[in-house]
Amino acid sequence: MPLYTSYPKDEYSALKKPIQQAIQRVLDSGVYVLGKEVTLFEQAFAQYCDLKYAIGVGNGTDALFLSLKALNIGPGDEVITTPMTAAYTAFAVVYAGATPVFVDVHPDTFELDETQIERAITKRTKAIIPVHLFGQPCNIQAIMQIAKKHHLKVIEDCCQAHGAMVGKRRVGTFGDIACYSFYPTKNLGGIGDGGAILTNNKALAAKIRLLHNGHQTKKYYHTAVGHNTRLDEMQAAILRVKLANLDAFIAKRQQIADWYDALLDSSKVVKPKRSKGVRHVFHLYVIQSKQRDALQAHLAKHDIITQVHYPWPLHALPAFKFLRKTYRLPHSTAMSKMALSLPMYPGLTRRQVEQIAKLVNQFTA
Ligand SMILES: *Cc1c(COP(=O)(O)O)cnc(C)c1O
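The shown structure was predicted, so the numbers you read here are calculated from the model rather than taken from an experiment. Counting of residues starts from 1 at the beginning of each chain's written sequence and follows it residue by residue. Since the coordinates come from a predicted model, pLDDT governs what is reported: local features require at least 70, and pairs of side-chain atoms require 80 or more to be given and counted, while whole-chain, interface and lining totals use all residues. Side-chain measures were taken over the full set of non-hydrogen atoms in the model, leaving aside hydrogen atoms and water.

Participant: So, helix H2 (residues 16-29): which residues are in play, and what are the values?
Facilitator: A run of H or I in DSSP counts as a helix once it spans at least four residues, and a run of E counts as a strand once it spans at least two, with each numbered from the N terminus. To estimate the expected span of a helix, subtract one from its residue number and multiply by 1.5 Å. Over its 14 residues, H2 runs 20 Å from end to end, which matches the ideal 20 Å to within 8%, given 1.5 Å per residue. Remark: exposure states derive from per-residue accessible area (1.4 Å probe, protein chains only) relative to the maximum for the residue type, with buried under 20%, exposed over 50%, and partly exposed in between. Buried residues of H2: Ile19, Ala22 and Val26, and no others. Buried residues of H2, viewed axially, fall in a sector of 60 degrees; they line one side. Pointing more than 90 degrees away from the buried face of H2 are the exposed residues Lys17 and Asp28. In the segment just after H2, Gly30 is the residue with positive phi, at about 75 degrees. Arc definition: directions from the helix axis to the C-beta atoms.

Participant: Pulling in residues and values, what's your account of the site of the ligand?
Facilitator: Around the ligand, a shell composed of 14 residues is seen, among which Gly60, Thr61, Asp157, Ser181 and Lys186 lie nearest. Whenever two N or O atoms come within 3.5 Å, that pair is a polar contact, provided that in protein one can donate a hydrogen and the other can accept it, and provided that, for residues adjacent in sequence, both atoms are side-chain atoms. The side chain of Thr61 places a nitrogen or oxygen atom 2.5 Å from an oxygen atom of the ligand. For the ligand, an oxygen atom lies 2.6 Å from a polar atom in the side chain of Lys186. Computed by Shrake-Rupley with a 1.4 Å probe, the accessible areas treat only the displayed protein chains as cover when residues are assessed. About the coverage of the ligand: the protein hides 93% of its 380 Å² of free accessible area. For each residue, the test is whether any non-hydrogen atom lies within 4 Å of the molecule or strand; if one does, the residue is near.

Participant: How would you summarise the sheet that holds strand E13 (residues 278-279) if you had to cite specific residues and measurements?
Facilitator: Between any two strands, at least two bridges found by DSSP are needed for them to pair. Pairing within the open sheet is antiparallel, and its three strands lie in the order E8-E7-E13. Sheet topology places strand E8 (169-170) and E13 at the edges, where each strand pairs with a single neighbour. Here strand E7 (residues 165-166) pairs with E13 via two bridges, running antiparallel. Among the inter-strand pairings, Met165 is bridged to a residue of E13, identified as Arg279.

Participant: Summarise the sheet that holds strand E4 (residues 99-102); cite the residues concerned and give the values.
Facilitator: Within the open sheet, the seven strands sit side by side as E2-E10-E9-E6-E5-E3-E4. Their pairing is mixed. At either margin of the open sheet sits one strand with a lone partner, and together these are strand E2 (53-57) and E4. Taken pair by pair, the neighbouring strands of this sheet meet at an average axis angle of 25 degrees, ignoring direction. Here a residue-residue contact requires only that any non-hydrogen atoms of the pair lie within 4.5 Å. For helices, the axis comes from a line fit to the C-alpha atoms of the stretch in contact; other axes are also lines fit to C-alpha atoms, and the angle between any two N-to-C directions lies between 0 and 180 degrees. Sheet contacts for helix H6 (residues 140-149): strand E5 (125-129) and strand E6 (153-157); angle to E6, the most-contacted strand, approximately 155 degrees.

Participant: Outline the pattern of salt bridges, supporting the account with residue identities and numerical values.
Facilitator: Once their charged atoms are close, side chains differing in charge can pair, the charge on each being opposite to the other. Each reported salt bridge corresponds to a side-chain nitrogen of Lys or Arg within 4 Å of a carboxyl oxygen of Asp or Glu. In this structure the tally under the stated criterion is 13 salt bridges. The partner of Arg25 in a salt bridge is Glu37, and the shortest N-O contact between them spans 2.7 Å. On the criterion of sequence distance, the pair formed by Arg25 in helix H2 and Glu37 in helix H3 (residues 36-49) is long-range, its members being 12 residues apart. For Arg25, a relative accessible area of 39% gives the class partly exposed. Judged by its relative accessible area of 5%, Glu37 is buried. Of the charged contacts, one joins Arg292 and Asp293 as a salt bridge, the two residues approaching to 2.7 Å between their closest N and O atoms.

Participant: Give me the side chain of His132: which residues, what numbers.
Facilitator: Structurally, His132 can be placed in the loop between E5 and H6. By relative accessible area, which is 0% here, His132 ends up buried. A distance of 3.1 Å separates a polar side-chain atom of His132 from the backbone nitrogen of Cys138. In this structure His132 touches Glu111, Pro137, Cys138, Ile140, Glu156, Asp157, Cys158, Gln160, Ala161, Val171 and Gly172, once residues within four positions along its chain are discounted.

Put into C-alpha cells, the structure is as follows:
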C-alpha cells in the first residue's frame, strides 16, 4: 500500500468501535443539526483550548469569515496575513469585503515574520491573521505587541495547530478570536467538513452564535441577515471521540518527527526548524530540498505519495491578481519551490519512517 502525506483513515481504523457507536447514536437520536452532540463538543473543545466559548461552524474558512464579520471588518479595511497558508485564510478576508495584505515569512520556520508587519500597516489596517503553520506556533507574543500598539484585532488561524502551545499557553488564547478547521486531514478531523470559532469575549461569542445560524433570536425570527454554517451532529459526535484521543495522537506525531529528525541526512535535505519553548503538534513534517520536484518523483516511484505545502505563495496565485499589487516576498517564493511534506500521521511505524528516510537520503539528482 502506498504511503501518503496524510491519511485520515488511519485514525478511523484506530478508533473504529467508538466512532461507529457515535455514528449510530446520532442516527438513532433523530437530531442531526444543532443538538446535544454539538453542544457537548463545543464545551469539551473550549475546555481543551482553554477558552470560554466555542461555536461550531461548517468549516475553517467560515470560522475565519464569521470572525472578521463579528469584528466589523469589511469594505475599505485591510487585514495582514501570510502568503504561506491555505488560500482560504485570505479568501475569508475577501468574503468579508476587506483586502488581504501579505507579509513575508521567516526563511527557516515559514511562520509569518513579525518584524515585517509594521511596515505593512496603513490607516486602513484593522486586523492581523497570523497562522500557526504546520502545527508550530508562530511568534504570537511579538505579534500581539504590535497589534496592541496599533489597535489591531488578531484572529489566530489555528486550523493546523490543534493542541499547540507557547510555553504553557494554548495557541488561540492570545488573540481576540481563534479559528479551527476539522477537515479530515487536520490533527483533529471529522469525516467531512467542520470548524469552530473560540473566544473569551462573551459579547463576541453571542454575536457569532447568532451569525452562524441565520441571526435568529428565536426560531424564524431573524433580526439581521445571518449565515447558515453549522457543525453537524455527526461530525460533532465523531470529533468528541477524536478529541479524547488527540493528545495521544499528537504524541505519536511528535515521535515520528523525532524519528525523521534522527534519520534524515542534513547534508541532503533541510529538516524543519523547531522554535524554542513551544509545543509543535506536527500537522505536517516539511523538509526542504533544492531538487524538490525530482525528490518527490523519486519517492512517488517507491509508492511514497508526498504533497507540497504550498506550491504557490498566495500573492502569486491568479485568484489574487485582482489586488493589483506587486509583491516581493522572497522567502515565501523560495520556500514554495523547496518544501516537501513527508508522510505524517499517527499510525506511521518506525519501519515506515526508516524506509522513507532511507529513500530521501539515497536520492541523488
Ligand atoms: C485547512 C485550513 C483552512 C481552511 O479550513 P477548511 O475547513 O478547509 O475551510 C484555513 N487555514 C488553514 C491554515 C488551514 O490549514
